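Residue-level structure breakdown
Below, each chain spelled out in residue letters.
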Amino acid sequence: MSDIRSDVAAAVGRVLQEWGIADSVDPIVELSARPEFGDFSTPAPLRAARARRMAPMAIAEEMRERLTAYELPSIAGWTISSPGYVNCHVVDARWAPDVMAAALSLDSSVAVSAPRRMVDKGRTLVEHTATNPNKAAHIGHLRNACIGDCVVRMLRRTGGEVEVNNYIDDTGVQVADVAVGLRHLGYHQEPNETFDSFCSRVYVQVGRRYEQEPALLDIRRQTLHQIEAGDNEVARFVKELANRIVDCHLTTMGRFDIRYDLLSWESDIIALGFWRHAFELLRAAGAAVHVDQGKHAGCWVMPTDDDAADDDDAKVLVKSDGVATYTAKDIAYQLWKFGLLGRDFNYRRWDPQDHSSPATTTSAPGALDATLYGRASRVINVVDARQAYPQRVVRRALAKLGHQLEAERSIHLGYEVVALSATAAAVLGLPFQDGKNIYAFSGRRGIEVRADELLDRAVEAVAIKARDTASAVLLASGAVRYYLQKFTLNQVIVFDFDEALRTSGDTGTYLMYTHARAAGILRRVPEERMTGVPALHPAERALLHAVDSYRYALHEAADGLSPATLCTYTLGLAAAFTDFYEHTPPIAKEQDAVVRAFRRRLVACAKAVLADALHCLGLSAPEEV
RNA sequence: GCCCCCGUAGCUCAGCGGAUAGAGCAGCCGCCUUCUAAGCGGUUGGUCGUAGGUUCGAUUCCUACCGGGGGCGCCA
């Protein structure tokens, strides 16, 4: 398909070629910053200033003359503007039909492609969520899952092969704590309490009991040992507990349309000897060494890269009691992800009755083909920024084992935490602290906003105007997702109920409403077979540009693993559509058949692209609200 | 002490070397017998933390400092 923006870039490249500076200057073509400048602009003359030792405006003028001489059929004219841009105006009758045809041919089964964008070959494995299976998921876990899921959707939409893992740490102290509470302290689930929020409550109470009755810590220790040993009543109890909580988590995330290909269990990593095997590899490579003295005496550690004699900064892999650390198991798991461990899990369907349920690892022989999982060429771990150090250790372990390429392709997609605003803290009953405007959540102390609870409140917030309950749930889920995805990853989200539940402005609700509005127009105005392009209203031109930009925006967001980038684009698209809607007369009333058909088609384009973008964001695209 | 992130309008945030720094919220003034007002128009509001440096050009890159958050476990 012809693509005017690419044609312009090629023409600019040709000029640079003629000047002999094509190697040093990119033929970048971007949307003009303002409509007055034109449709597309290139800053190439600015970049060429050094190489050609000329004033940018003089270069721009020379480039304009050459470009004009090429007589591109789709370009109506070239201008220059300070400080050194060359701009073009497109021939609407050629450009608009191209843009619209591309938008209307969007097909969910065909990847969205963009010029000069290469998609990763091979499988990308994304790990996200990884909520401890001992309590209800809270808003911090939800941010993780939303980021991960959106990245997965964007990678898939741009043609990537992606496997989604959710890591279940079912052998750690957190599960043990709840097991201690349930088995020894006689807590009971309230009639209207879900199992996971019951466990959240127990977790908090057990934490308090530890402080009052240190003897309980012995019970925890015994519990942990029995979990580690496996094949005993305690281990089975914990496994069942974790299973039930995982079901709750899958249900919670399912409400946000977040799903997984594989649940990978830490207990299976232990049971199947993944760590033992990884440990052998690390020792053979000198990446795990035994320490005889100093603060790490009796441990196996991974030395730092600088060979200091007393290496106190080394990372402990095996504690002096012989138990592997979390990071150690993570190394084994990372090796498995790349297919470098030489071992496989066994796999079966999580819910054998439900074919759409994710697969799960199992230590017992499973029914699913092992080659379907792992064996990735790139691994993205969605883990909050506080864990940057252990993530670096995992990457370094791969490098030390000689897997330099895989180390480079081990990506820690870090993001900052969700914290509480002063007003949200007050709502949760935290005491006010003078001069403090950010308060930390604490699941341990019960200071948290549960994901389900937030969604319930969001449903209430939209219910007044929503058509029915089902519609309200879709809107609420999308609203919450958008709120958690619109912040850039390295921005702490200072959570605020009013801000999260707002339904106007820069919100998911507005985006979904805009889609429904476009759908409403299409229902009212019959489709016509006319293809003329009338003189464009500025709002129509702006909307066409927004529609045309989708493929670039999606690829930029996918390449940058940045949900926020796609959020910003989508808001701009919705705003452009609304602007068009508000500033052009109703289509149904339009007398001119060409104008009527054109505008209806433009609405269809905007709706198609909006739906596509919403899908990548994990928001629904409702026909009506 | 070392490392990472943040500091842009009253508030919450976009802006990954270029044109007059943009949104949303809050405030003020308007617009629902016209395709969905969860919307729109207008308006108020900025020495882009501070000081240097690199560059034709810096909110953007570098250095130092100031302020805020986080990390540097034989926790996970």
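Now for a look at the structure at hand. (Residues numbered from 1 in each chain as written. Chains lettered and ligands numbered in written order. Predicted model: local features only at pLDDT ≥ 70, side-chain atom pairs only at ≥ 80, totals over all residues. Heavy atoms only, no water.)

Some points on the sheet that holds strand β1 (residues 30-31)
Where we set the bar: For two strands to be treated as a pair, DSSP must find at least two bridges joining them. The helix and strand labels rest on DSSP assignments: H or I over at least four residues marks a helix, E over at least two residues marks a strand, and numbering proceeds from the N terminus.
With antiparallel pairing, 4 strands are arranged side by side in an open sheet as β1-β2-β4-β3. Strands with a single pairing partner mark the edges of an open sheet, and in this sheet they are β1 and β3 (75-81). Taken together, the 3 bridges between strand β2 (residues 40-42) and strand β4 (residues 85-90) define a ladder with antiparallel strand orientation. Opposite F40, over in β4, you have C88 as the bridge partner.

A look at the protein's contact with RNA strand B
Heads up, the condition is: Near is defined per residue: the residue qualifies when any heavy atom it owns lies within 4 Å of the molecule or strand. Between N or O atoms, a polar contact is any pair within 3.5 Å; within protein, one atom must be a potential hydrogen donor and the other a potential acceptor, and residues adjacent in sequence are included only when both atoms are from side chains. Note on residue classes: Ala, Val, Leu, Ile, Met, Phe, Trp, Tyr, Cys and Pro are nonpolar, Asp, Glu, Lys and Arg are charged, and everything else, Gly too, is polar.
In the vicinity of RNA strand B lie 67 residues, with D169, K465, T488, Y513 and E556 positioned nearest. Backbone sugar and phosphate groups make up 61% of those atoms of RNA strand B lying within 4 Å of the protein. For RNA strand B, a phosphate oxygen lies 3.0 Å from a polar atom in the side chain of R524. Within the backbone of I587, an N or O atom sits 3.0 Å from a base oxygen of RNA strand B. Where the surface near RNA strand B is concerned, the elements lending two or more residues are α2 (44-52), β4, α19 (508-524) and α21 (563-583). Of the residues belonging to the surface near RNA strand B, the class tally is 26 nonpolar, 21 polar and 20 charged.

A closer look at helix α6 (residues 173-184)
Cut-off, in case you're wondering: Helix span is expected to be 1.5 Å times the residue number reduced by one. Relative accessibility thresholds used throughout: buried, under 20% of the residue-type maximum; exposed, over 50%; partly exposed, between the two (1.4 Å probe, protein chains only). Throughout, a contact is declared for two residues whenever any of their heavy atoms are within 4.5 Å.
Between its terminal C-alpha atoms α6 stretches 16 Å, which fits the 16 Å expected from 12 residues at 1.5 Å a residue. Looking at α6, one finds that the buried residues are V175, A176, D177, V178, A179, V180 and G181. If you follow the buried residues of α6, they end up packed against α7 (195-212), α8 (216-229) and α9 (233-255). The first or second residue beyond α6 is G186, which carries a positive phi of 65 degrees.

Quick notes on unusual backbone geometry
Outside of glycine, negative phi angles account for most residues, and trans bonds account for most peptide bonds. P83 follows S82 through a cis peptide bond whose omega is 5 degrees. With respect to the helices and strands, the residue P83 is situated in the loop between β3 and β4. With a phi angle near 50 degrees, E71 is a residue other than glycine that sits in the positive phi range. Overall, the relative accessible area of 66% leaves E71 in the exposed class. Here T129, not a glycine, exhibits a phi torsion of approximately 75 degrees, which is positive. Residue position: T129 is located in the loop between β5 (123-127) and α5 (139-157).

Some thoughts on the environment of D39
In this fold, D39 is placed in the loop between β1 and β2. Note on D39: relative accessible area 2%, which makes it buried. Separated by 36 residues in sequence, D39 and I75 place their C-alpha atoms 9.8 Å apart. If we ignore the near neighbours within four places in the chain, the residues touching D39 are E30, L31, S32, C88, H89, V90, R541 and H545. Reaching out from D39, the side chain makes a polar contact with the side chain of H545 at a distance of 2.9 Å.

Structural notes on the sheet that holds strand β12 (residues 359-362)
Strands belonging to one sheet form pairs held by backbone hydrogen bonds; the direction of such a pair is parallel or antiparallel. This is how the line gets drawn: Angles shown run from 0 to 180 degrees and are taken between the N-to-C directions of axes, each axis being a line fitted to C-alpha atoms and, for helices, limited to the stretch in contact.
Read across the sheet, 7 strands follow the order β11-β12-β7-β6-β5-β13-β14 without closing on themselves; strand pairing throughout is mixed. Here the strands that pair on one side only, and so sit at the sheet edges, are β11 (346-349) and β14 (410-415). Recorded for the sheet is a direction-independent mean angle of 30 degrees between the axes of neighbouring strands. Relative to strand β7 (residues 262-265), strand β6 (residues 161-168) runs parallel, the two sharing 4 bridges. By the bridge assignment, Y167 is partnered in β7 with S264. Set on the sheet, helix α12 (residues 326-337) makes contact with β5, β6, β7, β11, β13 (378-384) and β14; between it and β6 the angle comes to about 155 degrees. Those strands touched by helix α13 (residues 388-400) are β13 and β14, and its axis lies near 175 degrees from that of β14.

A short note on the packing of α7 against α9
Which entries qualify depends on this criterion: Here the word oblique covers every angle except those under 35 degrees (roughly parallel), over 145 (roughly antiparallel) and from 65 to 115 (roughly perpendicular). Whether a crossing is left-handed or right-handed is set by the direction in which the near helix is turned from the far one by less than a right angle, anticlockwise for left-handed and clockwise for right-handed.
One way to put it is that α7 packs onto α9 with a least axis distance of 9 Å and a crossing angle of 120 degrees. Between α7 and α9, the crossing angle belongs to the class labelled oblique. Between α7 and α9 lies a crossing whose hand is left-handed. Between α7 and α9, the contacting residues are F195, D196 and C199 on the first element and L241, R244, I245, C248 and T252 on the second.

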